[in-house]
Each structure stands twice: as structure tokens, then as C-alpha cells.
Amino acid sequence: MNSLIKKTLLLLIFHCCLLNAARAEVIVNGVEDKVKKNVLLMLSLNKETCESPAWKIKRLFEQADSEIDSSLRALGYYNVSLNKVLTMKNDCWQAQFAVQLGQQVTIKTIAITIRGEAKEDEAFLSLTKSLQAKVGSPLQHSFYESIKTRFIALAQERGYLNAQWQEKKLLVNKQANQATIQLTLESGIRQKFGEVAIEQTILDPEIANKYSSIIPGAFYSSDKLVQTYDMLSKSGYFEQIDIRPDFDRARGRSVPIAIHLVPKDTHHYSLGLGYGTDVGLLFNAAYQNRHLNREGDSLTANLDISFVLSTLEAEYLMPLSDDGDDPLNDFFTVGVGLKNENTDNFVSKNATISSRLKYGFKNGWKQALFADFSYESFTTQQQSRDSMMFIFGGNWNYSTADNMAHPTNGYRLRFDLSGSYKTPISDASFIRANMDAMWIKTLPWGDVFTGHLGLGGMTIDQFGKLPTTYRFYAGGINSVRGYDYKELGPRDAFGNVEGGKLLSVVSLEYEHPFLDEWAVAGFVDSGNAYNLDTISIKTGIGLGVRWYSAIGPLRLDFAVPLNQANSGFQIYFAAGARL
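Quantities reported herein were computed from a predicted structural model and do not represent experimental measurements. (Residues numbered from 1 in each chain as written. Predicted model: local features only at pLDDT ≥ 70, side-chain atom pairs only at ≥ 80, totals over all residues. Heavy atoms only, no water.)

Asks: Is there a simple way to explain the environment of Leu-170 in this structure?
Replies: Residue position: Leu-170 is located in strand β5 (residues 164-173). Note: C-alpha distance between Leu-170 and Ile-107 (63 residues apart in sequence) is 10.0 Å. Contact partners of Leu-170, with chain neighbours within four places excluded, come to Leu-139, His-141, Tyr-144, Ala-179, Thr-180 and Ile-181. (Helix = DSSP H or I, 4+ residues; strand = E, 2+ residues; numbered from the N terminus. Contact = heavy atoms within 4.5 Å.)

Quick look at the structure:
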């Protein structure tokens, strides 16, 4: 017991010593916020401790005048008064600085002269003109440096590869507290792209060339080099991409471009285990053959197994050989698929053979035209039947965002149109259309609003013959939260959900960030699948947590239904970008 008391007393004495231990101090008075932070950042003395030798502290104290002066000049303060005191104690030291800033220097004139072929270049004229808006503003050295950087970057971007500054002056009149910026840029000639040599071993040259945005004879542009790198990276064929201007072989205005590509492994396998709110525990296996031949054909296969929805799909992709708008999205594909879906309202087994013509337009829209032949065996609460359908149609989608991984401003549109005509190989005639839209907007105070609208409708001669795959249902994480997956829809005479001909879903969500990568959200969802004679809108409300992680956004939602439902509470988890 005595030993324990002694140890406790020793710990208390030790902590008291720590609290009262001498500490080196640098005190700066007369400045606040950004100015004070810049002063402390520049002071070498601020990095020293009590253990530093006295001669070093005194030397750094002497040079503090010039460091403080430099830190304040960078922010436009050229008429500074400074008083300082250094107190040396037996065990440590303290330095005090009293600063009087004086009046801040403002920019009187920004005089930029462009010589060479860039003299009449509209991009340079526009940048020069835009900078005049800064006349009269407080002088910041960082602004002066940024001007020089922006002009050199613009020169590189537009092909003036030998551009250099002939004059760089920042003139400050301390008495008048005014500054003049004088710059003269010699641009030299504007160079052009020469021959483009692509070194690779897996694709025919005409296929590889489709991924290059570089046009021989066009003006040199660093943006085109970046676009070409991006296209080659997203093609999925190459592990390493090296794009270099070959200045050694440059002649006159012409700069050859050398592109060296190292292919990815031909075969790629993956296994995964996850969880989906709508489908439960999920096992995934995938295979890809990235380059079957020199035409760029590839093969993908994907297996998803869960208690609610299981699929097996294989697709053969063939790049279109013509010069399309978007080689990343221009494909003809053929595929096969098997699907088993088991919900509270129906059981469905589906086999499909499909063909698709995918095309990307220059304006960002993507189109897919398709023809599917499917065989489906489905069982609802009131019927069991087999159905063959030959279905043709298309979908069109467009999305844009400031950041696809963490969008704070952007929107997505998707339109689908499909149909079938009753023939010996198709059991029913129908036309089906639906639209899905999402809008994300950052509000002036920093919070984020998300709106979602889903609409669908169809006309059909005999609804009972339509497989459940093509009927409308509502409920689930991407529909009306608070209700189970495909729980909502028109009911038969016995109260069983049978799916509907129409669909309406509206979602409003308000998101408030509370850390760099975290946010909380509140939401309300309303809608249903219905027929004209059975319109019944269901609503759910809830709260959620958002984590915008390095591997992508993750969402966790807690929702309750405001109308009759299978359960009084739902938890939803989802990963991936919403746009």
C-alpha cells in the first residue's frame, strides 16, 4: 500500500514539473490571422527550443528583422516599424516582437508586353485584359509570381515552347505605397505537331491511333497530350503510357511526338465479397480478356450471387472500326445472361441473348441501341407462366459534375425506350419508356442539395403475359427508401404486389458536411409503381451518413416508412458515385 502511495506521489510531482517546465516563446504583437501566420512561418527563431545554444538564439534574433520584413513585404507591407526584446533566462528564452504595419501597398499599374507570334493570340490578349481587374488591389507577391506562371503555362499549352521572359520587374514606390508590375514575354514561334509515332505491340495501328487526340500539322497543345494520355489510360489496354515531344528531331515548327505503350496482362481475374442493402450478402467473381486480337476485341464475364438476385453475364466487345466521336464508348457487343430473382412478391428465372450498338457523341451524350431475345419463367402470388420476348430499343444518358468521385455540382439524365411486337417468338406487344434524373447543387452556405426524379410508363395488350423483369416496382435504396426492395406496386384482389404500368419516384436530400470527408444527410422519398385506377403514393423519411473515402463514396441510410410497410425500419448501404 505504501509503495502504491509513493508511486502516485512521484507521478503527480512529474506531471507538475512538466506543466511548469520552461518553454521557448516567440510573441508577435500588432498583427493577426494570415499576416501573423506568415511572420511566424518565416522566423527561423520560431523553430528553436530551450535546448538551443544561446549564441544561436542571439544570432537568429538579430536576423529576425530581415525575416519579418520579407514576410510582410510578401503581403504588401513595405513601411513596417519593429521593436523587439530578447529575454534570456537560466533555463530558456523569450523573444517579443511589436510590429506596426503601416499602409499596405496597392497595385498602380500592370504593364504586360507580348512579343513574337503570341502578340496577336486571342488567349494572351484575353489573359492580359483580365489581369487589369487587379489594378487598385493590395499587393501580394504570390499574385505577381502567379502572373508569370500563368503566362508560361499558357505558352506551353498553345505551342510557344520557347517562350521566355525578357523583363520581370516589380517596382514599389514606398513613399506613395504603390506598385508597378512590368513584364515582357518573348513568345517565339508557335510550333505544330509533327509525326506521331505510337510504339505498341497488341493493336493494329489504326485502332491504336483512334485513342490519340494529336493531329499532325495542328498547332502544338499540351491539352491534346493530356487528352491522349487520358484516352489511352481509359482504353483498358495499357499498363504504362509514356508520351514525349521528340525535340531532338524537331524541324522548324514541327515537333514529332513519341508514344510508348506497355500492355496490361491479357487475363484479369477478381473475386469479391460484399453486402447490398437490396440483395443482402453478395459474392462476386469476374474475368476479363483484355485483348483477344489486334482489332481490340475483348471479353468480360461476371457472376453475382446473393439470396435475392443472382446473375451470370458474358459480353464480347468489338470496337467500331470507323472514326467515331468517342472510341472509349463506340462498341458493338453481343452477350448472354442468366438471372434469378427471388423477392417477397415474385420469383423469376431469365435467360437473355443480347446485341448492343454503343456510341458516344462529342457533346457527351452516350447512346446504346439494342435487340434482346429473352426467355423468362416467373411466378407471382397468383400465376406461374413462361414467356418469350423479342425486345428492341435504346437508352440515352448524359452526366456532368465538378468531381465524379465527390460531386458537389452536377446532374445526370437517362432516357430508356423499349418495346416488343407479338409474333411467334414474342408473347406480348408493349412499349415501355422511363426517365431518370438527378441534380446535385452546392448551396451558398456550403451544404449540398440532391434531387432525384424517376418516371416510367408503358402500354401493353395483356399485362399478365409481361414478365416481371419488365414491370414497374418501387421500394429500395435507389427508389423509395423506408420500404423493402420492390415492395411497392399495384396489388391484386388478394393484396399481393403484382407490379404496375406506371412509375413515379421523387427524392429530396439535404447534406451537411462536418469534416473534410464526412457529411450527414436528411431525406424524404415519395412515389410508387401504380396503374391509373390504383394510384397510391408512399413516403419514407430518414437520416444518413456519407463518407467520401479514397476508394470512393460510401452511404449509410436509416429510413422509416410513413405508410403501411413490411417493416417499420430499413437500413441501406451503398458504395459508388451517384452521378
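Having seen the model, we can carry on.
Asks: What am I meant to see in the nonpolar core here?
Replies: Within soluble globular proteins, side chains that are nonpolar tend to cluster in buried spots. Residues Ile-112, Phe-124, Ile-147 and Phe-151 are the most contacted members of the largest nonpolar core, which totals 24 residues. At the level of secondary structure, the elements contributing two or more residues to this core comprise β4 (106-115), α4 (122-131), α5 (141-157) and β6 (178-186). Considering each element in turn, this core owes the most residues, 6 residues, to α5. Those residues in contact with Phe-124 that sit more than four places away from it in its chain are Ile-114, Ala-118, Phe-151, Leu-154, Ala-155, Arg-158, Tyr-160 and Leu-185. (Core = buried A, V, L, I, M, F, W, Y, C linked by side-chain atoms within 4.5 Å. Buried < 20%, exposed > 50% of the residue type's maximum accessible area, 1.4 Å probe, protein only.)

Asks: What is the right way to look at the pairing of strand β2 (residues 81-88) in this model?
Replies: Across a regular strand the side chains alternate sides, sitting on one face of the sheet and then on the other. Sheet topology note: the β2/strand β3 (residues 93-100) ladder contains 8 bridges and is antiparallel. Each residue of the ladder has a partner; that of Asn-83, found in β3, is Ala-98. (Pairing = 2+ DSSP bridges.)

Asks: Teacher, can you tell me more about the sheet that holds β3 here?
Replies: Sheet strands pair via backbone hydrogen bonds, and the direction of the pair is either parallel or antiparallel. Spatial ordering of the open sheet is given by β1-β3-β2, a layout of 3 strands whose pairing is mixed. With one partner strand each, in any of the chains shown, β1 (25-29) and β2 form the two edges of the open sheet. Between one strand and the next, the sheet's axes are offset by a mean angle of 10 degrees, whatever the strand orientation. Along the sheet, helix α3 (residues 54-73) makes contact with β2 and β3, crossing β2 at roughly 160 degrees. (Axes fitted to C-alpha atoms, helices over the stretch in contact; angles between N-to-C directions.)

Asks: What is the right way to look at a nonpolar patch on the surface in this model?
Replies: Residues Leu-271, Leu-273, Tyr-275, Leu-281, Phe-283, Ile-305, Phe-307, Leu-556, Phe-558, Phe-569, Ile-571 and Phe-573 make up a contiguous nonpolar surface patch of about 1,200 Å² in total accessible area. Listed by contribution, the elements that provide at least two residues to the nonpolar patch are β10 (267-276), β11 (280-289), β24 (552-561) and β25 (570-575). Counting residues per element, the nonpolar patch draws most heavily on β10, at 3 residues. With relative accessibility at 44%, the residue Phe-569 sits in the partly exposed group. (Patch = residues over 30% accessible without salt bridge, like charges linked within 9 Å, V, L, I, M, F, W, Y side chains within 5 Å. Areas by Shrake-Rupley, 256 points an atom, 1.4 Å probe, with all protein chains shown as cover. Salt bridge = Lys/Arg side-chain N within 4 Å of Asp/Glu carboxyl O.)

Asks: I keep staring at the packing of aromatic side chains and nothing clicks. Help me out?
Replies: Both the distance between ring centres and the angle between the ring planes are used here to describe each pair of aromatic rings. Across all of its chains, the model carries 18 aromatic pairs by this definition. When the ring of Trp-365 is compared with that of Phe-415, the centres are 6.3 Å apart and the planes differ by 25 degrees; the resulting orientation is stacked. With a gap of 50 residues between them, Trp-365 in the loop between β15 (346-360) and β16 (366-380) and Phe-415 in strand β18 (residues 410-420) connect regions that are remote in the sequence. Residue Trp-365 is classed as partly exposed on the basis of its relative accessible area, which comes to 26%. A connected cluster of aromatic rings, assembled from ring pairs, spans Phe-124, Phe-151, Tyr-160 and Trp-165. (Phe/Tyr/Trp six-rings, centres within 6.5 Å; stacked < 30°, edge-to-face > 60°.)

Asks: Just to check I follow, could you spell out the side chain of Arg-190 for this structure?
Replies: When you line up the elements, Arg-190 lands in the loop between β6 and β7 (192-199). We classify Arg-190 as buried; its relative accessible area is 14%. Separated by 2.7 Å, the side chain of Arg-190 and the backbone oxygen of Arg-158 make a polar contact. When residues no more than four places from it in sequence are discounted, the contact partners of Arg-190 are Glu-117, Asp-121, Arg-158, Gly-159, Tyr-160, Phe-219 and Arg-253. (Polar contact = N/O pair within 3.5 Å; in protein donor to acceptor, adjacent residues only side chain to side chain.)

Asks: Would you mind showing me how to read helix α7 (residues 222-234) here?
Replies: Residue pairs spaced three or four apart in an α-helix point in one direction, given the helix's 3.6 residues per turn. Taking 1.5 Å of rise per residue, 13 residues should cover 18 Å, and α7 covers 19 Å from first to last C-alpha, within 8% of that figure. Within α7, burial applies to Leu-225, Thr-228, Met-231 and Leu-232. Along the long axis of α7, the arc covered by the buried residues comes to 130 degrees, so they all point the same way. Away from its buried face, by an angle of more than 90 degrees, α7 presents the exposed residues Val-226 and Lys-234. Buried positions along α7 lie against β7, β8 (238-245) and β9 (254-263). Residue Ser-221 occupies the N-cap position of α7, its side-chain oxygen lying 3.3 Å from the main-chain nitrogen of Asp-223. Trailing α7 by a residue or two, Gly-236 shows a phi angle of about 85 degrees, which is positive. (Expected span 1.5 Å × (residues − 1). Arc of directions from axis to C-beta.)

Structural measurements only, silent on function.
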